Amino acid sequence: MKTYNIGIIAGDGIGPEVTNEALKVLRVVASGFDCNFVEYPYSGAHYLKTKELVPDKTIDEWKTLDAVFLGAIGHPAVEVGLVERSVILGLRFGLDLYINLRPIKLYAEHLCPLKGKTPADIDFAVVRENTEGEYTQIGGILKKGSPDEVATSTSLYTRVGIERAVRYAFELARARASANKKPGHLTLVDKANAIRPQEIWTRVFAEVGKEYPDIKQDHAYVDAFAMLMIQKPEYYDTVVTTNLYGDILTDLGSTLQGGIGIAASANLHPGKTSMFEPIHGSAPDIAGKGIACPLAAIMAAGMMLEYLGESDSANRIESSVASLLASGQIPSLDASSGLGTIQIGDMVAGAIRKSTP
Ligand code: IPM
Ligand code: MG
């Protein structure tokens, strides 16, 4: 029997609470394979105790695992972004996880804040470039705190980096078209009118696009896209965009799904060790209360199984969650559901047990 070695970084705040439920679901759904969980302590809380961030040798160790699962990182008592950059960006850059795949999918009409939109209308995938743009940490502050201080932050775009993201997005658009039996459609989102160097995205998209004549190709500026994804989400199928725009648009997109409590992501280097996480943060305001919705972590675990090639188990997670939402047994994706974190994990695990042949 195949055993997957999976690194677990439960992290801070609600991270450990939602991770426990994701692991519970993984244990129940695993059939024909096993998971061996290898726990790592890195978090803001760990940093406060030990002053330790992620060492280089740990990044090398992660590369030897089958996957890494991350709960959430961020602690109010630690310098802003320090541990996030070490753990989350450490993984993305250290493992060269150049794709951040973020599905925006509505599972039940009553969850959507838009009037009259149904699950048929909200089902698109955002491919966020994950190793360039504004996130490279190129820049800094000179004469900090003085009246003369200067801050710079460089946005970096490479042809190789754009091409691999765009190609992945075209392949995904093609796969979604064949799975959903509808025409393929890929939209490039950028701000190349105001930020002229982003015109490299326009050219690379057009060049790679020539290899995909079966895929409808179009473009939206990010400001207009923020409006259009609310106005006519049904128009979109696959979207490719820069690192920062993808970060922002997918938090907005999660509200179309009913809330950030279900929004999951896959940080991928196709063919290599990849990382899976809910897109929400550590939510210190509700940590320790047992009320965080674990569905985003559970769906991220599903994306991990899909990536590992365990599609049957991945599908069982998704369909169990979908039916609990559609039936109203889980009525919402935040504390207003009246259900606790463990309770929701148990409900998903129970539904999976029932669906197991
Ligand atoms: C995300 C988060 C991260 C990001 C932060 C925590 C560095 O917002 O995964 O969306 O900006 O990418
Ligand atoms: Mg974000």
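Residues numbered from 1 in each chain as written. Chains lettered and ligands numbered in written order. Predicted model: local features only at pLDDT ≥ 70, side-chain atom pairs only at ≥ 80, totals over all residues. Heavy atoms only, no water.

Q: Help me out: how do you make sense of the pairing of strand β12 (residues 274-278) in this one?
A: Consecutive residues of a regular strand have side chains that alternate between opposite faces of the sheet. By the criterion of burial, β12 is predominantly enclosed, with five of the five residues buried. The two faces of β12 match: Ser274, Phe276 and Pro278 on one face and Met275 and Glu277 on the other face are all buried. Two strands pair when backbone bridges link them, and strand β3 (residues 67-72) and β12 are joined in this way by three bridges, in the parallel orientation. If you follow Val68 over to β12, its bridge partner there is Met275. Between strand β11 (residues 264-268) and β12, which pair antiparallel in sequence order, lie five residues; one of them, Gly271, sits at a positive phi of approximately 90 degrees. (Buried < 20%, exposed > 50% of the residue type's maximum accessible area, 1.4 Å probe, protein only. Helix = DSSP H or I, 4+ residues; strand = E, 2+ residues; numbered from the N terminus. Pairing = 2+ DSSP bridges.)

Q: I keep staring at helix α9 (residues 295-308) and nothing clicks. Help me out?
A: Because the α-helix completes a turn every 3.6 residues, residues three or four places apart line up on one side. For α9, spanning 14 residues, the distance from its first C-alpha to its last is 20 Å, which sits close to the expected 20 Å at 1.5 Å a residue. Most of α9 is tucked away, with 12 of its 14 residues classed as buried. Gly309 occupies a position one or two residues after α9 and carries a positive phi of about 95 degrees. (Expected span 1.5 Å × (residues − 1).)

Q: I tried to follow the packing of α9 against helix α10 (residues 311-326) on my own but got confused; where do I start?
A: Between two packed helices, both the angle of their axes relative to each other and the distance between the axes serve to describe the pair. Interaxial distance between α9 and α10 falls to 7 Å at its minimum, and their mutual angle equals 155 degrees. Judged on the interaxial angle alone, α10 and α9 are roughly antiparallel. As for the relative orientation of α9 and α10, their crossing is left-handed in sense. On α10, the residues that touch Leu295, Ile298, Met299, Ala301, Gly302, Leu305 and Glu306 of α9 are Ser311, Ser313, Ala314, Asn315, Ile317, Glu318, Val321 and Leu325. When the residues that make up the contact of α9 with α10 are grouped by side-chain class, the tally is nine nonpolar, four polar and two charged. (Axes fitted to C-alpha atoms, helices over the stretch in contact; angles between N-to-C directions. Parallel < 35°, antiparallel > 145°, perpendicular 65-115°, else oblique. Left-handed = near helix turned anticlockwise from the far one by under 90°. Contact = heavy atoms within 4.5 Å. Nonpolar A, V, L, I, M, F, W, Y, C, P; charged D, E, K, R; others polar.)

Q: Looking at this structure, how should I read unusual backbone geometry?
A: Negative phi is the rule for most residues except glycine; trans is the rule for most peptide bonds. Backbone geometry places Lys51, a non-glycine residue, at a positive phi of 65 degrees. Among the structural elements, Lys51 can be located in the loop between α2 (44-50) and α3 (56-63). Under the relative-accessibility criterion, Lys51 is labelled exposed at 54%. In this model, Gln137 sits at a positive phi of 65 degrees, which is unusual for a non-glycine residue.

Q: Whenever I open this one, the domain arrangement of the protein chain confuses me. Can you help?
A: When the parts of a complex come together, some accessible area is lost, and that lost area is often used as the size of the interface. Taken domain by domain, the protein chain holds domain 1 (1-101 + 260-357) and domain 2 (113-257). One C-alpha centre belongs to domain 1, the other to domain 2; they are set 24 Å apart. Contacts between domain 1 and domain 2 engage 19 residues on the former and 18 residues on the latter. Of the roughly 1,600 Å² buried between domain 1 and domain 2 on both sides combined, carbon and sulfur atoms contribute 58%. Linking Arg164 and Asp96 is a salt bridge whose minimum nitrogen-to-oxygen distance equals 2.8 Å. Contributions of two or more residues to the side of domain 1 that touches domain 2 are made by α4 (82-94), β4 (99-105) and β11. Looking at the side of domain 1 that touches domain 2, the element that brings in the most residues is α4, giving four residues. (Domains from an automatic or database assignment. Buried area = accessible area lost by both parts, 1.4 Å probe. Salt bridge = Lys/Arg side-chain N within 4 Å of Asp/Glu carboxyl O.)

Q: Please clarify how the packing of helix α5 (residues 159-180) against helix α6 (residues 199-209) should be interpreted in this entry.
A: Close contact between α5 and α6 brings their axes to 9 Å; oriented N to C, the two are set at 45 degrees. In terms of orientation, α5 and α6 fall into the oblique class. Like other packed secondary-structure pairs, α5 and α6 cross with a definite hand, here right-handed. Residue-level contacts link Arg159, Ile162, Glu163, Val166, Arg167 and Phe170 of α5 to Ile200, Trp201, Arg203, Val204, Phe205, Glu207, Val208 and Gly209 of α6. Across the contact of α5 with α6, the residue classes tally to eight nonpolar, one polar and five charged.

Q: Is there a simple way to explain the site of ligand 1 in this structure?
A: The immediate surroundings of ligand 1 are formed by Glu84, Ile88, Arg92, Arg102, Arg128, Tyr135 and Asp247. Separating an oxygen atom of ligand 1 from a side-chain N or O atom of Arg92 is a distance of 2.7 Å. Here ligand 1 loses 74% of its free accessible area of 320 Å² to cover by the protein chains. Among the detected pockets, ligand 1 sits in the second largest pocket. A total of three residues in the shell around ligand 1 trace back to one element, the largest contributor, which is α4. For the shell around ligand 1, the per-class residue count stands at two nonpolar, no polar and five charged. Inspection of the shell around ligand 1 shows a minimum of three residues originating in each of domain 1 (1-101 + 260-357) and domain 2 (113-257). (Near = heavy atom within 4 Å. Polar contact = N/O pair within 3.5 Å; in protein donor to acceptor, adjacent residues only side chain to side chain. Areas by Shrake-Rupley, 256 points an atom, 1.4 Å probe, with all protein chains shown as cover. 1 Å grid on protein atoms, 1.4 Å probe; cavity = no way out; pocket = protein on both sides within 12 Å on 5 of 7 lines; lining within 4 Å. Sits in = over half its atoms within 2 Å of the grid points.)

Q: Would you take a moment to explain the pairing of β4 for this structure?
A: For β4, the buried fraction is high: five of the seven residues fall into the buried class. Relative to β11, β4 runs antiparallel, the two being bridged by three bridges. Paired with Ile99 across the two strands is Leu268, which belongs to β11.

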